[in-house]
Amino acid sequence: MNSLREQILILTSTPIYAIIIGLELLLSNYQHRKLYSWKDTAANVYLMLMNGALDLLLRGFYLVVLDYFYRHNIFSFSHVMVYWVMLLLLEDFMYYWLHRFDHEIRFFWAVHVTHHSSENLNFTVGFRSSVFQPLYRFVYFIPLALMGFKPIDIIFIYSATQIWGIFVHTKLINKMGWLEYFLVTPSHHRVHHASNAKYLDKNMGMFLIIWDKMFGTFQPELTEKEYQPIRFGLTKPIEKETPSTIIFHEWVQIWKDVTRKDLSFKDKWNYLFGPPGWSHDGSRQTSEEMRAEEDGQPATSLHEEPVIALKR
C-alpha cells in the first residue's frame, strides 16, 4: 500500500513538473526574460541525480533505523485523519529545523550550499539538491518515529511536501493573496534564495511559513521601492564552476581554515561548526554582520550570543 502511494506520487508529479517547467520556459521566452540557461539547468539535473542516487543507496539503512524507533514508540493514533494531519504538521516542523541548521552551522551549510549556488530562480532550481543531505536528514525524523508514525509514511509525507517545494522556485508567480499568511509561497521562497543582506537565511519552511513567523526567521518580499532588487545565488559566487567545485568548494575552504597552524582549537571549531562567514580576524562577514552593516548598526558578538540564521 505504501509503495503504491509512492508510485502514484511519482506518476502524478512527473507530468506536473514537465508541464510547469514547459510553461515557465514558454512564458520566459515570450516575455524575453532569461530565466534559464543550459549550463545551469544541466547542473540542476546533475545535482538531483547525485542526491537521488545517494538517497536510494541509503534508503534501506535509514528505514531500518526509523523502524527501530517506531517499534519503541511512545504514542499511538486511533483516528486516521488525526494521524495524517499531525504527521504533515510535525514533519514540516522538523524539516524547518533541519533547513535552519543547514544555514546556521557551516558544516551543514557546506552540504546545503549547492542548492543556493544558482544565480537563476526557476522550477528546475527546485531539483538542485543538497547532495549529501540523505546522510543525516533521517535523524531529524527519528522523533516522529518515536511518536508512532510509520517510517514509510514519514518518507511519503516528506516526498509529498517536496512537490510543493519545487513549485515555489519561480519568479513568474507574484504574491498569492491569503495563502501568504500560512503557506510557503514563491514570494517567500524568492526571499530565501536571495543574496541581499536583509534576505539572508530567511523563510526556511518547506510547506508552511508559520514556523518562520513563530521562530523569528520570516521576511516578506519587499518591492523595489522599499528595498533593492533581489539578487540570487551566493554572496561570493564560485570562482570556477565545475561538477566537482559545485559540490565540494565549501569543503575545500573549510579544510584550508581548520588546517591553519596559527589558530586555536576554539577558532578551528568555529570554522567548522560556527556560522558560515565567521572568521577569527573579522576578514569575512556572517549574515548578521552583513545586515548590521547595511543598516548602519553594530553587529551582535557571535561569541556572546546564540548562533542565528547566518550565511557564508
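Preceding this paragraph is the structure being described.
Values in this document were obtained by computation on a predicted structure and should not be read as measured data.

*Asks:* Describe the pattern of salt bridges, naming the residues involved and giving the relevant values.
*Replies:* Side-chain pairing between opposite charges can occur once the charged atoms of the two side chains come close. Taken as a whole and judged by the stated rule, the model has 10 salt bridges. Of the charged contacts, one joins R106 and E250 as a salt bridge, the two residues approaching to 2.8 Å between their closest N and O atoms. A residue pair is termed long-range when its members are at least 10 positions apart, and R106 in helix 4 (residues 106-116) and E250 in helix 9 (residues 243-258) qualify at 144 residues. Considered together, R106 and E250 belong to a single accessibility category, that of buried residues. Via salt bridges that share partners, R106, E250, D257 and R284 belong to a single interconnected network.

*Asks:* Can you lay out the layout of surface pockets for me, pointing to particular residues and giving the numbers?
*Replies:* The calculated volume of the largest pocket comes to roughly 1100 Å³. Surrounding the largest pocket, 42 residues form its lining, N51, S129, Y158, S159 and Q162 being those nearest its centre. Listing elements by their share of the lining of the largest pocket, those giving two or more residues are helix 1 (2-30), helix 2 (38-70), helix 3 (80-104), helix 4 and helix 6 (151-167). Ranked by residue count, the leading element in the lining of the largest pocket is helix 2, at nine residues. Considered class by class, the residues forming the lining of the largest pocket number 20 nonpolar, 17 polar and five charged. The computed volume of the second largest pocket comes to approximately 570 Å³. Forming the walls of the second largest pocket are 22 residues, and the residues nearest its centre are K236, P237, H249, E250 and Q253. Sorting the residues of the lining of the second largest pocket by element identifies helix 4 and helix 9 as the ones contributing at least two each. Residue contributions to the lining of the second largest pocket peak at six residues, all from helix 9.

*Asks:* Lay out the packing of helix 3 against helix 4 with the relevant residues and their values.
*Replies:* Across the interface, helix 3 lies against helix 4 with an axial gap of 6 Å and an inter-helix angle of 100°. As far as their axial angle goes, helix 4 and helix 3 are roughly perpendicular. Along its contact with helix 3, which presents H99, F101, D102, H103 and E104, the element helix 4 presents R106, F108, W109, H112 and H116. Within the contact of helix 3 with helix 4, the residues separate by chemical class into three nonpolar, four polar and three charged.

*Asks:* Which residues make up the side chain of R100, and what are the values?
*Replies:* On the secondary structure map, R100 appears in helix 3. What R100 contacts, discounting residues up to four positions off in sequence, is M204, F215 and T217.

*Asks:* Explain helix 10 (residues 265-273) to me, using residue names and the numbers behind them.
*Replies:* Residues of helix 10 that are buried: D267, N270 and Y271. The buried side chains of helix 10 occupy one side of the element, clustering within an arc of 100° when seen end-on. Set apart from the buried face of helix 10 by more than 90 degrees, the exposed residues are F265 and K266. Contact partners of the buried residues in helix 10: helix 4 and helix 9.

*Asks:* Now, about the nonpolar core: what can you tell me, with residues and values included?
*Replies:* Within the largest apolar cluster, 29 residues are counted, with the highest numbers of intra-cluster contacts made by L66, L87, F141, L144, F149 and I154. Residue assignment for this core shows that the elements contributing at least two residues are helix 2, helix 3, helix 4, helix 5 (142-146) and helix 6.

*Asks:* Account for unusual backbone geometry, with residues named and values stated.
*Replies:* Even without glycine at this site, D201 takes up a positive phi of about 60°. A positive phi angle is found at N203, which is not glycine, with a value near 55°. Along the chain, the position of N203 falls in the loop between helix 7 (186-193) and helix 8 (210-215).

*Asks:* Explain the packing of aromatic side chains to me, using residue names and the numbers behind them.
*Replies:* Counting across every chain of the model gives 32 aromatic pairs. Judged by centre distance (6.5 Å) and plane angle (75°), the ring pair of F93 and W97 falls under edge-to-face. With F93 and W97 both in helix 3 and four residues apart, this pair spans about one turn of that helix. Centre to centre, the rings of F101 and Y140 are 6.5 Å apart; their planes meet at 40°, and the pair counts as tilted. Separated by 39 residues along the polypeptide, F101 in helix 3 and Y140 in the loop between helix 4 and helix 5 bring together distant segments of the chain. For Y140, a relative accessible area of 15% puts it in the buried group. By the ring-pair criterion, three or more aromatic residues cluster together here, those being F93, Y96, W97, F101, Y140, W211 and F215. One cation-aromatic arrangement involves K198 over Y227; the distance from NZ or CZ to the ring centre is 5.4 Å. The cationic tip of K213 hangs over the ring face of F218; the distance from NZ or CZ to the ring centre is 5.0 Å.

Each value, and the rule that gives it
- Residues numbered from 1 in each chain as written.
- Predicted model: local features only at pLDDT ≥ 70, side-chain atom pairs only at ≥ 80, totals over all residues.
- Heavy atoms only, no water.
- Salt bridge = Lys/Arg side-chain N within 4 Å of Asp/Glu carboxyl O.
- Helix = DSSP H or I, 4+ residues; strand = E, 2+ residues; numbered from the N terminus.
- Buried < 20%, exposed > 50% of the residue type's maximum accessible area, 1.4 Å probe, protein only.
- 1 Å grid on protein atoms, 1.4 Å probe; cavity = no way out; pocket = protein on both sides within 12 Å on 5 of 7 lines; lining within 4 Å.
- Points joined across faces, edges and corners; volume = space filled by probe spheres on them.
- Nonpolar A, V, L, I, M, F, W, Y, C, P; charged D, E, K, R; others polar.
- Axes fitted to C-alpha atoms, helices over the stretch in contact; angles between N-to-C directions.
- Parallel < 35°, antiparallel > 145°, perpendicular 65-115°, else oblique.
- Contact = heavy atoms within 4.5 Å.
- Arc of directions from axis to C-beta.
- Core = buried A, V, L, I, M, F, W, Y, C linked by side-chain atoms within 4.5 Å.
- Phe/Tyr/Trp six-rings, centres within 6.5 Å; stacked < 30°, edge-to-face > 60°.
- Lys NZ or Arg CZ within 6 Å of the ring centre and 35° of its normal.

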